[in-house]
Amino acid sequence: MILNKLIADVEARAGVTKAFQLILGASLLTNVFMAGAFFTMDRTVRTILVPPEVSKTFWVDGRSVGPEYLEQMGSWVVSQYATVSPATIEYQNSLLLKYVHPSVNGELAIRFKMGANRLKAENMSKIFMPREVRISEKGQSVALIGTQVTFVADKRVPGDEIKAYLVAFDYDGSRVFIKELRETSPLKPFDPPNAPATAETESVYQPAPGQAAAANPDPQSATPAQAPTSPASAPSPSAVGLPPAPQPNNPAVKEALQSGASPTAPVSR
């Protein structure tokens, strides 16, 4: 009996030791795997940067972003879109397409490609210098108005143009996309494309009333009214059917005049 107890005691002690040995071995293997993963992992630090330089604080709320963000992001997008050269336009277009909404990505990609081909064919460079920023917080869009300078090769094209560019954004709660990017009217930058002219724009381009009258004279108003002509006076009855006056060199007339009688002219047959 005592021997059996001793054997059981030894087996119990040995079993506990084996359990601890298994736990220790598993822990050792875990440490080895963790060390291997640590030495083989990619240690490159990835930093996500916002494209424009953030100089103002801004807020996001639901499906909209603050006007400060619209101004900063819009200025960066327009600078990439409107200031281009044959050497940089391909890179700038590919950079902008990364921020374009999928629903308009194909359309803008075609426009970018056509514009790049034309710019390269004409060897043209453009520099846009914004002077005014207009923000539509309701439409989540921003318009930049300024002067654009054009160069062909190394020659500056005379006559700088006043240009305006519109950028509309769409915020889905986690990321901001470019929903619209186009050239627009400096007078009405937020109007839809091909919008009918408003009263304000018509008043800018319409000539003054005096100039319009000079350009399109009215023929009826220009023609002076003619005074009514008086009817021709009818000949007096005494003047109708009178015989021809007698000729003074006629001998009969002369004789009648000397005698005081009424001279009569002979009737010719």
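The structure reproduced in this document is the subject of the present report. (Residues numbered from 1 in each chain as written. Predicted model: local features only at pLDDT ≥ 70, side-chain atom pairs only at ≥ 80, totals over all residues. Heavy atoms only, no water.)

### Here we look at helix α3 (residues 89–97)
Here's step 1: Every buried residue of α3 is listed here: I89, Q92, N93, L95 and L96. Mapping the buried residues of α3 onto a view down its axis gives an arc of 160°, with all of them on the same face.
Here's step 2: Each element contacted by the buried residues of α3 is listed here: α2 (67–82), α4 (105–122) and β7 (176–184). (Buried < 20%, exposed > 50% of the residue type's maximum accessible area, 1.4 Å probe, protein only. Helix = DSSP H or I, 4+ residues; strand = E, 2+ residues; numbered from the N terminus. Arc of directions from axis to C-beta. Contact = heavy atoms within 4.5 Å.)

### Looking at the pattern of salt bridges
Here's step 1: Applying the stated criterion across every chain, the model contains seven salt bridges.
Here's step 2: The salt bridge partner of K120 is E90, with a shortest N-O separation of 3.1 Å. Within this pair, whereas K120 is found in helix α4, its partner E90 is found in helix α3, the two being separated by 30 residues in sequence.
Here's step 3: E180 is the salt-bridge partner of R182, the closest N and O atoms lying 2.6 Å from each other.
Here's step 4: The exposure class of R182 is buried, given its relative accessible area of 12%.
Here's step 5: Taken together, the shared-partner salt bridges in this structure form one network comprising E90, K113 and K120. (Salt bridge = Lys/Arg side-chain N within 4 Å of Asp/Glu carboxyl O.)

### Things to note about a nonpolar patch on the surface
Here's step 1: On the surface, a nonpolar cluster with roughly 350 Å² of combined accessible area is contributed by I2, L3 and L6.
Here's step 2: Note that L3 resides in helix α1 (residues 2–40). (Patch = residues over 30% accessible without salt bridge, like charges linked within 9 Å, V, L, I, M, F, W, Y side chains within 5 Å. Areas by Shrake-Rupley, 256 points an atom, 1.4 Å probe, with all protein chains shown as cover.)

### A word on the side chain of T150
Here's step 1: Note on placement: T150 falls in strand β4 (residues 141–152).
Here's step 2: According to the relative accessible area criterion, T150 is buried, its value standing at 12%.
Here's step 3: When sequence neighbours within four positions are dropped, the list of residues in contact with T150 reads M124, S125, K126, K155, R156 and V157.

### Quick word on the packing of aromatic side chains
Here's step 1: The final tally for this structure, using the stated rule, is four aromatic pairs.
Here's step 2: Measuring from centroid to centroid gives 5.9 Å for Y81 and F112, while their planes differ by 45°, and the two rings are tilted. In this pair, Y81 sits in helix α2 while F112 sits in helix α4, placing the two residues 31 residues apart along the sequence.
Here's step 3: Under the relative-accessibility criterion, Y81 is labelled partly exposed at 21%. (Phe/Tyr/Trp six-rings, centres within 6.5 Å; stacked < 30°, edge-to-face > 60°.)

### A word on the pairing of β7
Here's step 1: Where strand β6 (residues 161–171) lies against β7, eight bridges are found, and the strand directions are antiparallel. From the neighbouring strand, D170 faces β7, where its bridge partner is F177.
Here's step 2: Once β6 ends, the chain turns through four residues before running back antiparallel as β7, passing G173 with a positive phi of about 100°. (Pairing = 2+ DSSP bridges.)

### Looking at the side chain of Q92
Here's step 1: Of note, Q92 is situated in helix α3.
Here's step 2: Taking relative accessible area as the criterion, Q92 reaches 8% and is therefore assigned buried.
Here's step 3: Apart from residues lying up to four places away in sequence, Q92 is in contact with S79, Q80, T83 and V84.

### Overview of the environment of G173
Here's step 1: Checked against the element boundaries, G173 lands in the loop between β6 and β7.
Here's step 2: Distance from G173 to R63, taken between C-alpha atoms, is 5.7 Å for residues 110 residues apart in sequence.

### Points about α4
Here's step 1: Here α4 is 18 residues long and its end C-alpha atoms lie 26 Å apart, about the 26 Å a rise of 1.5 Å per residue gives.
Here's step 2: Turning to α4, its buried residues number three or more, namely L108, F112, A116 and L119. Buried residues in α4, looked at end-on, bunch into an arc of 70°, giving them a common side. For α4, the exposed residues lying more than 90 degrees away from the buried face are E107, I110, M114 and A121.
Here's step 3: Looking at the buried side of α4, the elements it contacts are α2, α3, β3 (124–136) and β7. (Expected span 1.5 Å × (residues − 1).)

### A look at the pairing of β4
Here's step 1: Burial of β4 is extensive: 10 of the 12 residues sit out of reach of the surface.
Here's step 2: Relative to β4, β3 runs antiparallel, the two being bridged by 12 bridges. Along β4, the bridge assignment pairs R134 with A143.
Here's step 3: In sequence, β3 turns back onto β4 through a hairpin of four residues, with Q140 there showing a positive phi of about 50°.
Here's step 4: Across eight bridges, β4 lies against β6 in antiparallel orientation. Residue pairing across strands places I145 opposite A164, the latter belonging to β6.
Here's step 5: Counting the residues in the hairpin turn of β4 and strand β5 (residues 155–156) gives two residues, including A153, whose phi is positive at 60°.

### Describing the nonpolar core
Here's step 1: If you look at the biggest cluster of nonpolar residues, it comprises 25 residues, and the most contacted ones within it are V77, V167, F169 and I178.
Here's step 2: Listing elements by their share of this core, those giving two or more residues are α2, α3, α4, β4, β6 and β7.
Here's step 3: What V77 contacts, discounting residues up to four positions off in sequence, is L96, V167, F169, I178 and L181. (Core = buried A, V, L, I, M, F, W, Y, C linked by side-chain atoms within 4.5 Å.)

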